[in-house]
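Chain residues, written in single-letter form:
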Amino acid sequence: MRIGWIGTGLMGEPMVARLVAAGHQVSVHNRTRARAEPSLALGAGWAGSIAAAARDRDVVITMLPFPADVEAAYLGPDGILANASPGTVAVDMSTSSPALARRLADFTGGSVLDAPVSGGPAGARSGALSIFVGGAADAFERVRPVFEVLGSTVVHHGPAGAGQAAKLVNQALVANLTLGICEAYAVAEAAGLDPALVHESVRVGVAGSPLLDFAWSRLSDGDLEPGFKVAHLAKDLALALDEVGDTRRLPGTSLVRELCQAVADTLGGDRGTQALITQTQPTVPSEGQR
Ligand SMILES: NC(=O)c1ccc[n+]([C@@H]2O[C@H](COP(=O)([O-])OP(=O)(O)OC[C@H]3O[C@@H](n4cnc5c(N)ncnc54)[C@H](OP(=O)(O)O)[C@@H]3O)[C@@H](O)[C@H]2O)c1
């Protein structure tokens, strides 16, 4: 297929690599061209603008940070919707707002899908993503071969916005798990245990998960570089809280959103979510330290 791709960051770059390797003809656009160089080196073409990436394509895919970036990429005279051909299906794989997904799909009469993902850069590289799709069933069937290159689990959750809503469920899990992992790591350290030995024990019990393995290894290395940026988790949790509104209380999710914001304010939003470990540092010196 002829695919236009917008956003070659931590997730977009390995996803593009898979599509190129599978034989698709991919043109990429990224705000900073230097970050598209790995994709270009693999054989993707360069599109100098969002409009150029959208023109004459079977599928246009966005993998952008925030809903405001998605909205700007789709709408307006230089955006995807004004420049894509009538038969093009546009797919937003960013984690974004269900309401925005519904607006974009309504605007086009159904040729925009929302298809956010879970699995991180490692899952993107190995084609093992879980893809949460919302939107028209016929558009989904047309894009299915592309999804199957990128993910090992592809589920159509319902009409426009349902993919984003399902992804927010995932993010409520990720948020509370990530904080739990950081707190568990803090307990191991405070107890004077060897974190590697503790990991060996807990990873095979009921608390084991790919997220535990990933975050624990980064924490053991003292590595706060992002697989997943703390500013993006804060965004996702604000979207999840908006989605439930006054119908539910989400005390854990609300707390993790505040802690992510605190990390972003102090260390920068580009730190990995494992930087939540910094929130386990005592703010008041303990008795022995006074
Ligand atoms: N990382 C993960 O583990 C993960 C997992 C699942 C879902 N997600 C979601 O996937 C999305 C992307 O995440 P990521 O980790 O890949 O983020 P990222 O590393 O920040 O990449 C985003 C890319 O989009 C580019 N961009 C931003 N605005 C643009 C615009 N107007 N036009 C063209 N390019 C633009 C950025 O360009 P610059 O190079 O100029 O900054 C950057 O290269 C987010 O919604 C995130 O929540 C992430």
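Nothing here was measured: the structure is a model prediction, and the numbers come from that model.

Q: Provide a residue-level description of the packing of helix H12 (residues 230–244) against helix H13 (residues 251–267), including the pertinent values.
A: Direction vectors running N to C along H12 and H13 enclose 150°, while the axes themselves pass 9 Å from each other. On the basis of the axis angle, H12 is roughly antiparallel to H13. Classified by chirality, the crossing of H13 by H12 is left-handed. Along its contact with H12, which presents Val230, Leu233, Ala234, Leu237, Ala238 and Leu241, the element H13 presents Thr253, Ser254, Val256, Arg257, Cys260, Gln261, Val263 and Ala264. Here the residues of the contact of H12 with H13 sort into ten nonpolar, three polar and one charged.

Q: Help me get a handle on the pattern of salt bridges, residues and values and all.
A: A full pass over the atoms with the stated rule returns ten salt bridges. Its salt-bridge partner being Arg103, residue Glu71 comes within 3.1 Å of it at the nearest N-O pair. With Glu71 in helix H4 (residues 67–74) and Arg103 in helix H6 (residues 98–108), this residue pair connects regions lying 32 residues apart in the sequence. Given the relative accessible area of 44%, Arg103 is considered partly exposed. Close ionic contact of Lys235 with Asp236 constitutes a salt bridge, the shortest N to O distance being 2.9 Å. Across the pair, exposure class does not vary: Lys235 and Asp236 are buried alike.

Q: Help me get a handle on the UniProt feature "active site" (unreviewed entry) in the protein chain, residues and values and all.
A: Under the feature "active site" (unreviewed entry), the UniProt entry names Lys167. Judged by its relative accessible area of 6%, Lys167 falls in the buried class. Aside from chain neighbours lying at most four places away, what touches Lys167 is Thr95, Pro116, Val117, Ser118 and Phe132.

Q: Residues and numbers for the UniProt feature "domain: 6-phosphogluconate dehydrogenase NADP-binding" (unreviewed entry) in the protein chain, please.
A: Residues given the UniProt feature "domain: 6-phosphogluconate dehydrogenase NADP-binding" (unreviewed entry) here are residues 2–158. Secondary structure across residues 2–158 divides into 41% helix and 25% strand, with the first and last C-alpha atoms of the span separated by 26 Å.

Q: Tell me about helix H9 (residues 162–190), and name the residues and values.
A: Given a rise of 1.5 Å per residue, 29 residues ought to cover 42 Å, and the 42 Å separating the end C-alpha atoms of H9 matches this to within 8%. In the segment just after H9, Gly192 is the residue with positive phi, at about 75°.

Q: Kindly report on the site of the ligand, identifying the contributing residues and their values.
A: In the vicinity of the ligand there are 26 residues, among which Asn30, Thr32, Gly227, Lys229 and Lys235 approach most closely. One nitrogen or oxygen atom from the main chain of Leu10 is found 2.9 Å from an oxygen atom belonging to the ligand. Its free accessible area being 910 Å², the ligand has 92% of it covered by the protein chains. A class-by-class count of the residues in the shell around the ligand yields ten nonpolar, eleven polar and five charged.

Q: I'd like a rundown of the packing of aromatic side chains, residues and numbers included.
A: On inspection of all chains with the given rule, the structure shows two aromatic pairs. Between Tyr185 and Trp216, the aromatic rings sit 4.9 Å apart at their centres with planes inclined by 65°, giving edge-to-face as the arrangement. With a gap of 31 residues between them, Tyr185 in helix H9 and Trp216 in helix H11 (residues 210–220) connect regions that are remote in the sequence. The same class applies to Tyr185 as to Trp216, namely buried.

Q: Which residues make up the domain arrangement of the protein chain, and what are the values?
A: If you check the domain split of the protein chain, you get domain 1 (2–158) and domain 2 (166–280). Once you take the C-alpha centre of each, domain 1 and domain 2 turn out to be 27 Å apart. Counting from both sides, the interface comprises 15 residues of domain 1 and, opposite them, 13 residues of domain 2. Carbon and sulfur atoms supply 69% of the area that domain 1 and domain 2 bury against each other, a total of about 1100 Å² over both sides. Connecting domain 1 to domain 2 are zero salt bridges. For the interface between domain 1 and domain 2, the tally reads four residue pairs in polar contact (both at pLDDT 80 or more).

Parameters and conventions
Residues numbered from 1 in each chain as written. Predicted model: local features only at pLDDT ≥ 70, side-chain atom pairs only at ≥ 80, totals over all residues. Heavy atoms only, no water. Axes fitted to C-alpha atoms, helices over the stretch in contact; angles between N-to-C directions. Helix = DSSP H or I, 4+ residues; strand = E, 2+ residues; numbered from the N terminus. Parallel < 35°, antiparallel > 145°, perpendicular 65-115°, else oblique. Left-handed = near helix turned anticlockwise from the far one by under 90°. Contact = heavy atoms within 4.5 Å. Nonpolar A, V, L, I, M, F, W, Y, C, P; charged D, E, K, R; others polar. Salt bridge = Lys/Arg side-chain N within 4 Å of Asp/Glu carboxyl O. Buried < 20%, exposed > 50% of the residue type's maximum accessible area, 1.4 Å probe, protein only. UniProt positions renumbered as here; feature names shortened; annotations may be inferred. Expected span 1.5 Å × (residues − 1). Near = heavy atom within 4 Å. Polar contact = N/O pair within 3.5 Å; in protein donor to acceptor, adjacent residues only side chain to side chain. Areas by Shrake-Rupley, 256 points an atom, 1.4 Å probe, with all protein chains shown as cover. Phe/Tyr/Trp six-rings, centres within 6.5 Å; stacked < 30°, edge-to-face > 60°. Domains from an automatic or database assignment. Buried area = accessible area lost by both parts, 1.4 Å probe.

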